[in-house]
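A closer look at the structure
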Amino acid sequence: LVDVQTCFLRTLPDREWYSGTTECVKHALCQDAKFMKWIAETGPFSWEKSSLNDIYHLLERTIELKMECLYNDPTEGKREPMLELGHTVGHALEILSKGRLRHGEAVSIGMVLECKVSCDLCLMKKETLEKITNYLHSCGLNTEIPKYLKEENALDAVINAMRYDNKRKTNAIVLTLLEDIGRFAKDNGKIGIKTPPALLKKSLSGYFKK
């Protein structure tokens, strides 16, 4: 049983609400291309402008997708890091922002950056990266690194912070990457791609230019 207190959700400031909807978009990107298309066409969602039916569908379908993950992996990530898209880079940005970025904001940016890495590894088409970035933007989510995180050596600091991500299981930086919306990139049949720091730096450098 999942109890959603919509009366509480209505009280959230817009920034917190949109930060939370990042989770909905993440599940859609990872598990349901049709749902992602609907989100992009229907959003951004707000209690003032969106219909209740649309908001309820957003919440209900996200819960269904989350439950699908937990049914197959009750320990959430011990088998495969299905829900970690955007989080490895996002956690690093969140830490370095010192509280200025909300978790959802950092993860949204992280999803764009990790899809860029996937594109540079020739796992994802450039058109798909652009589509995902546009989808996130159309949902009112963050897609660009804030100026205060574009200081000198900021990218090196982000990559270093990624080494201490709380979901890491090896000494290598392993990213949850997509090949396409709803389809994970895999290494030997498993989700998670080892990504050398040098490749990360080259791939993400353009996002850190002032």
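As a starting point, this report considers the structure included with it. (Residues numbered from 1 in each chain as written. Predicted model: local features only at pLDDT ≥ 70, side-chain atom pairs only at ≥ 80, totals over all residues. Heavy atoms only, no water.)

Some words on helix α9 (residues 197-204)
Helical periodicity: at 3.6 residues per turn, an α-helix aligns residues three or four positions apart in one direction. How we decide: The cut-offs for exposure are 20% and 50% of the maximum accessible area for each residue type, with area from a 1.4 Å probe on protein chains only; residues under the lower value are buried, those over the upper are exposed, and the others partly exposed. Secondary structure elements follow DSSP: runs of H or I no shorter than four residues count as helices, runs of E no shorter than two count as strands, and numbering proceeds from the N terminus. To obtain the arc, one takes the directions from the helix axis to the C-beta atoms. Only heavy atoms matter for contacts: two residues are in contact if any of them lie within 4.5 Å across the pair.
All of the buried residues in α9 are Leu 200, Ser 203 and Leu 204. Seen end-on, α9 carries its buried residues on one side only, within an arc spanning 80°. Across α9 from its buried face, at more than 90 degrees, point the exposed residues Ala 198 and Lys 202. Looking at the buried positions of α9, the neighbouring elements they touch are α6 (103-120), α8 (154-162) and β1 (174-175).

Looking at unusual backbone geometry
Put simply, Gly 43 and Pro 44 share a cis peptide bond, and its omega is 0°. With respect to the helices and strands, the residue Pro 44 is situated in the loop between α3 (33-42) and α4 (52-72).

Here we look at α3
As a reminder, the rule being used: We call two N or O atoms a polar contact when they sit within 3.5 Å, provided that within protein one can donate a hydrogen and the other can accept it, with sequence-adjacent residues counted only if both atoms are side-chain atoms.
All of the buried residues in α3 are Phe 35, Met 36, Ile 39 and Ala 40. Considered in projection along α3, the buried side chains sweep an arc of 135° and stay on one side of the axis. The outward face of α3, more than 90 degrees from its buried face, is lined by the exposed residues Lys 34 and Glu 41. The opening residue of α3, the one whose side-chain oxygen lies 3.1 Å from the backbone nitrogen of Lys 34, is Asp 32.

Overview of the pattern of salt bridges
Just so we agree on the cut-off: Here, a salt bridge means any side-chain nitrogen of Lys or Arg that lies within 4 Å of a carboxyl oxygen of Asp or Glu.
Taken as a whole and assessed by the stated rule, the structure comprises ten salt bridges. Between Glu 16 and Arg 102 there is a salt bridge whose closest N-O contact spans 2.6 Å. Here the residue Glu 16 occupies a position in helix α2 (residues 14-31), and Arg 102 occupies one in the loop between α5 (87-96) and α6, the gap between them amounting to 86 residues. The class of Glu 16 is partly exposed, set by a relative accessible area of 30%. The shortest N-O distance in the salt bridge between Lys 37 and Glu 41 comes to 2.4 Å. Here Glu 41 and Lys 37 lie together in helix α3, a separation of four residues that amounts to about one turn. A residue is classified by how much of its surface remains accessible, and Lys 37, at 44% relative accessible area, is partly exposed. By relative accessible area, Glu 41 is classed as exposed at 56%. Sharing partners across several salt bridges, the network here consists of Asp 32, Arg 61, Glu 64 and Glu 68.

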